[in-house]
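The chain contents come next:
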Amino acid sequence: MSTQVPETQEAEPEAEEQAPSKGDQRRAERRRKAAAREQERQEEAAERAKEAEDTVELKVFRYDPEVPEKEKPRFDSFHVPFEKGMTVLDALMYARDTYDSSLTFRHSCRQAICGSDALFVNGRQRLGCKTQLSDLDEPVRVEPLPHQEVVKDLVVDMEHFYDQMEAVEPYFQTNELPDGELDEQRQTRENREKIKMSTRCIWCGACMSSCNIAAGDNQYLGPAAINKAYRFAMDEREGEDIKQQRLEIIEQEHGVWRCQTQFSCTEVCPKDIPLTEHIQELKREAVKNNLKFW
Amino acid sequence: MYEHDVIVVGAGGAGLRAAIAAQEEGADVAIVTKLHPVRSHTGAAEGGINAALREGDSWKDHAYDTMKGSDYLGDAPAVETLCKESPRETMQLEHWGMAFSRDEDGRVSQRPFGGLSFPRTTYAGAETGHQLLHTMYEQLVKRGIEVYDEWYATRLAVSDEERPEDRRCHGVVAYDIQSGEIAGFRARKGVVLATGGPGQVYDHTTNAVSNTGDGVAMAYRAGAPIEDMEFIQFHPTTLPSTGVLISEGVRGEGGILYNENGERFMYEHGYANNAGELASRDVVSRAELTEVNQGRGIEDEYVHLDMRHLGEERIIDRLENILHLAEDFEGVDGLEEPMPVKPGQHYAMGGVETDENGETCITGLYAAGECACASVHGANRLGGNALPELIVFGKRAGQHAAGRDLGTARIETGKRGEYEVGEVDTPVQPGEVGGPGDVAADGGTAPDGGATAELTPDECVERAVTDERTRVDALMSREGTNHATIRAKVQKSMTRFVNVFREEDGLKQALRDIREAREAYQDVAVSDPSRTFNTDLIQTIETRNILDLAEAITLGALVRDEFRGAHWRAEHQERKDENWLKHTMLSWNEGTPEVWFRPVILEGEDKTYEPKIRSY
Ligand SMILES: Cc1cc2nc3c(=O)[nH]c(=O)nc-3n(C[C@H](O)[C@H](O)[C@H](O)COP(=O)(O)OP(=O)(O)OC[C@H]3O[C@@H](n4cnc5c(N)ncnc54)[C@H](O)[C@@H]3O)c2cc1C
Ligand code: SF4
Ligand code: FES
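Bear in mind the structure is a predicted one, so any value in this text is a computation, not a measurement.

Basis of the calculations
Residues numbered from 1 in each chain as written. Chains lettered and ligands numbered in written order. Predicted model: local features only at pLDDT ≥ 70, side-chain atom pairs only at ≥ 80, totals over all residues. Heavy atoms only, no water. Helix = DSSP H or I, 4+ residues; strand = E, 2+ residues; numbered from the N terminus. Expected span 1.5 Å × (residues − 1). Buried < 20%, exposed > 50% of the residue type's maximum accessible area, 1.4 Å probe, protein only. pLDDT = per-residue confidence, 0-100. Contact = heavy atoms within 4.5 Å. Pairing = 2+ DSSP bridges. Axes fitted to C-alpha atoms, helices over the stretch in contact; angles between N-to-C directions. Domains from an automatic or database assignment. Salt bridge = Lys/Arg side-chain N within 4 Å of Asp/Glu carboxyl O. Polar contact = N/O pair within 3.5 Å; in protein donor to acceptor, adjacent residues only side chain to side chain. Nonpolar A, V, L, I, M, F, W, Y, C, P; charged D, E, K, R; others polar. Buried area = accessible area lost by both parts, 1.4 Å probe. Near = heavy atom within 4 Å. Areas by Shrake-Rupley, 256 points an atom, 1.4 Å probe, with all protein chains shown as cover. 1 Å grid on protein atoms, 1.4 Å probe; cavity = no way out; pocket = protein on both sides within 12 Å on 5 of 7 lines; lining within 4 Å. Points joined across faces, edges and corners; volume = space filled by probe spheres on them.

Novice: Quick rundown of helix α10 (residues 386-401) of chain B? Include the residues and the values.
Specialist: Residues and elements named next belong to chain B. With 16 residues, α10 should cover 22 Å at 1.5 Å per step; its first-to-last C-alpha distance of 21 Å lies within 8% of that length. Counted residue by residue, α10 has 16 buried out of 16 residues, so it is predominantly covered. Backbone geometry just downstream of α10 places G403 in the positive-phi region, at approximately 110°.

Novice: Could you give an account of the confidence of the model for chain A, with specific residues and numbers?
Specialist: For chain A, per-residue confidence averages 87 on the pLDDT scale, and 83% of positions sit at 70 or higher. Throughout residues 1-17 of chain A the model reports pLDDT below 50, and contacts reaching past four residues in sequence, or to other chains, amount to 28 contacts.

Novice: Requested: an account of the sheet that holds strand β11 (residues 232-238) of chain B, with residues and values cited.
Specialist: Hydrogen bonds between backbone atoms are what pair the strands of a sheet, whose relative direction is either parallel or antiparallel. Residue and element names in this part refer to chain B. The four strands lie next to each other as β11-β14-β13-β12, forming an open sheet whose pairing is antiparallel. Lying at the two open borders of the sheet, with one neighbouring strand each, are β11 and β12 (256-258). On average, adjacent strands in this sheet sit at an angle of 45° to one another, irrespective of strand direction. In this structure, β12 lies alongside strand β13 (residues 303-306), joined through three bridges in antiparallel fashion. Its bridge partner being in β13, L257 is matched across the sheet by L305.

Novice: Any details on the domain arrangement of chain B? Residues and values, ideally.
Specialist: Residues and elements named next belong to chain B. When the domains of chain B are assigned, the result is domain 1 (2-45 + 72-77 + 127-232 + 346-415) and domain 2 (233-345). Centre-to-centre, using C-alpha coordinates, domain 1 lies 32 Å away from domain 2. In this complex, domain 1 contributes 17 residues to the contact, which on the side of domain 2 involves 17 residues. Linking domain 1 with domain 2 are zero salt bridges. Counting across the interface, domain 1 meets domain 2 through nine residue pairs in polar contact (both at pLDDT 80 or more). For the side of domain 1 that touches domain 2, the element with the highest residue contribution is strand β14 (residues 339-348), accounting for three residues. Grouping the constituent residues of the side of domain 1 that touches domain 2 by class yields seven nonpolar, nine polar and one charged.

Novice: Describe the domain arrangement of chain A, with residues and values.
Specialist: All names here are of chain A. Looking at chain A, the domain boundaries give domain 1 (43-155) and domain 2 (159-174 + 188-290). Computed over C-alpha atoms, the centres of domain 1 and domain 2 are 31 Å apart. At the junction of the two partners, domain 1 supplies 13 residues and domain 2 supplies 12 residues. A per-residue breakdown of the area domain 1 buries against domain 2 is headed by R124, Q125 and H147, which together make up 41% of the total.

Novice: Describe the site of ligand 1, listing the residues and the values that go with them.
Specialist: Residues and elements named next belong to chain B. Within the structure, ligand 1 sits among 39 residues, and S40, T42, G47, E370 and L387 are positioned closest to it. Taking G13, its main chain carries an N or O atom lying 3.2 Å from an oxygen atom of ligand 1. Contact distances for ligand 1 include 2.7 Å between an oxygen atom and a side-chain N or O atom of S40. Alone, ligand 1 offers 1000 Å² of accessible surface; in the complex the protein occludes 98% of this. For the shell around ligand 1, the secondary-structure elements that each account for two or more residues are α1 (13-24), β2 (29-33), β7 (151-158), β14 and α10. Of the residues assigned to the shell around ligand 1, the class counts are 16 nonpolar, 18 polar and five charged.

Novice: Could you give an account of the interface of chain B and chain A, with specific residues and numbers?
Specialist: On the chain A side, the residues contacting the 77 residues of chain B number 66 residues. Where chain B abuts chain A, roughly 6100 Å² becomes buried across the two surfaces, and 46% of that area is made up of carbon and sulfur atoms. When the area that chain B buries against chain A is broken down by residue, the three leading residues are R39(B), H95(B) and R102(B), summing to 12%. Joining chain B to chain A, the criterion identifies 12 salt bridges. For R107(B), the salt bridge is made with E184(A), and the minimal N-O distance between the two is 3.3 Å. The interface formed by chain B and chain A includes 47 residue pairs in polar contact (both at pLDDT 80 or more).

Novice: Hey, could you go over the site of ligand 2 for me, with residue numbers and the actual values?
Specialist: Near ligand 2, the surroundings consist of 13 residues, among which C201(A), C204(A), G205(A), C207(A) and C269(A) are the closest. Of the residues belonging to the shell around ligand 2, the class tally is 12 nonpolar, one polar and no charged.

Novice: Explain empty space enclosed by the protein to me, and be specific about the residues and the numbers.
Specialist: Inspection of every chain in the model, using the stated rule, returns nine cavities of 30 Å³ or more. Forming the boundary of the second largest cavity are 18 residues, of which R106(A), H107(A), K34(B), L35(B) and T535(B) lie nearest the centre. In terms of residue count, the dominant contributor to the lining of the second largest cavity is helix α14 (residues 535-559) of chain B (four residues). Per-class residue counts for the lining of the second largest cavity are six nonpolar, six polar and six charged.

Novice: Which residues make up the sheet that holds strand β22 (residues 592-599) of chain B, and what values do they have?
Specialist: All names here are of chain B. The six strands lie next to each other as β17-β15-β10-β21-β22-β18, forming an open sheet whose pairing is mixed. Edge positions in the open sheet fall to β17 (372-373) and β18 (420-421), since each of these has one partner strand only. Bridge analysis of strand β10 (residues 226-227) against strand β15 (residues 351-353) gives two bridges, and the strand direction is antiparallel. When the sheet's bridge partners are listed, E227 is paired in β15 with G351.

Following this line, the structure appears as structure tokens:
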């Protein structure tokens, strides 16, 4: 189905009223002007889309539990004039601002740091803002992240993801802070280098959505949370006892051992975090840890 | 209705720090934020945090650099507080595990930054803000502080005594984005606004889409004066197509700017013969635009920033993130070619007037971070001075709101003590169009003068909730203009007329455009009928905030007929210390912006900062 450029709206006929008051007249006049402006805007948009040498077709997933026409999930097509450098997010914003202001998606930073616009684009988890349209085949299919409940259009419920992140005690813990409040805990450059990639996670949820195991086992901590555990377990500023405690968390039934090294998380992570490698390394640590005690 | 001791609105660096501090004081605290905390724009900060940590450096030098950088419009008590407390607060982050870059000896690294007399910028690669935001959010999780995320605050619940100084803030009204519920949040002790900057007033900005200045606009309409709004910082190195920022760290590490003729123009055309590329941001931004205007720009639009000579190893070690940004958002490989850059809106020095404890003139209402103006940046912020502001003043605001005695503030707020009434000659009537109670806008304090002063705090919040429900119902049930058109129009006009270079005619044109947009806004309507995740509704309300702030920025720019810091005026090419060592204040008087002035405080703890020519 295709909505393309929506039909232009008819200007509203003025309501027939007996002796309209000044205020009513003013309001009616305003409404008329507003309708005219709106019509102009849509005509301009249609014109632009026609004139543009190049347009891109987006097929966007739509769903809204509250609106009768959108209760049944469907795809809408939008034709967006293409400019060099345009991203999937730019195209979605264009479609929303020009054709349908109810088109709903999360986004904010436009620079791959807030993690809010992870989407399923042409069958793969990606950040809308970081994906150039020119790298994609047409029509560009944009869907919400799979394996997460859809709230509306492209917005998914992130609660489960946040719960998993919180399950690994995602905060620095140490018993030995330096005496002076102005003294830092020393950390070698090598150690910082070791944890560096793991600290880059932006909580976008792409990895979790791509993971077959997570899809089948709702309790599996998942790649992002395990990576978070890695970030602390490998930080030499935390003591051995705390590392022990961390390994116990990730070793539990729905922890690292569930991972079957399918690499899908590593492939989709927009921050290039070597997730599978981190999970493997924690498995090795867990084995060493157990050997120590058994 | 929800109820807590302290309600923090916003969960960027300032909001998180405020919440932690308030909780440490024993308060029951909650955060209301329109984005999940880790999505806040603080995450985008790249360069670093200024803190005098090393031998050879001192908070006094930091304060001196900051006063000079501010072009003598910073208030010394706030500046000195910032510089004194930044080392401890920065180390607090380290103790919370923040992954700072390290020196060979394992200590945190520091690097040079524009306008600093010592390399005192502490950093974590080129992703300092990301590390800071996540470190603080982790502490929030650890402490179990309650977060209402994806709740959009739309209005403050403030009593409506005649003088703002007599008013009290009892809470906020917010809208649950996921469910559409509108609810009151009663704050027994205080509300801390930490809603970030208003970058979306412009169309070429480094700021996130969510940075619409909501907190500033809400406080303004509730009666808190806003200060120094004309001072908008334009960052000299943003990518031309998107506004994505290329950190000052690149120039700090030795990156060089070239014009189309391959000239190192900062020196060759004499813009900053000593500091060159490391002159402060306003100087470099003007230099670049002058190059473009004089025909030496590349494609008549931008200049080149070159870091190739730094070598791959150093670039990857310290600026790796920059390589990704240039590649993903501009398609340029920074190891192989120079990066195109031009100035873009970056930071608002102005905001809600606060004292050095973060309090506004309205009892129980605080502001911290970019939405506040404690006046540490004056006319121009130095790079690396915003992040320390978040942690220092976020903490103080949180503590004070929770009831801790921080001593009497030296900075006065509201129309107290010495102030001067101002006048601006405007081509159109600025301000509101629909009169008090106007459904298109949040009416600020309750519309019927004095009535809510009698109400109990609970009733005051409930009253605000009712008003807000009426407004939202009206916006959703009528037909009319879409906000996107109005927003785009204002953004364009601001970028054209209220940019790095400003002249009287242009400023007046901007005011006319804003007026027109205001009138169009009277017919704004939300066309998405759904209560679930209605971003159409949110953006409609945000657009109203953009309108009020665009106007405030332009009015400030028009009234200040001098050249100071980031504020350049074609007709006034000198800094006029005899007239203008004062802050521009704006009060929302029943919908009409009122301009007045307050002298800057140059007396510090044991010295007075004498205005000097700023040369770098
Ligand atoms: C690209 C970039 C790079 C920067 N680099 C540096 C640097 O290197 N060093 C430096 O010192 N400074 C830097 N800055 C400046 C600094 O990062 C910002 O000034 C600072 O992060 C602002 O923090 P904040 O806590 O005030 O607001 P933000 O981080 O913007 O947070 C605002 C919060 O308020 C919430 N919010 C907003 N409106 C509402 C509402 N109506 N209801 C509910 N919640 C709301 C948002 O959800 C968000 O949580 C940089 C800025 C940018 C844009
Ligand atoms: S690990 Fe990567 S894909 Fe997973 S949430 Fe973090 S940034 Fe996203
Ligand atoms: S918009 Fe922030 S990550 Fe894409």
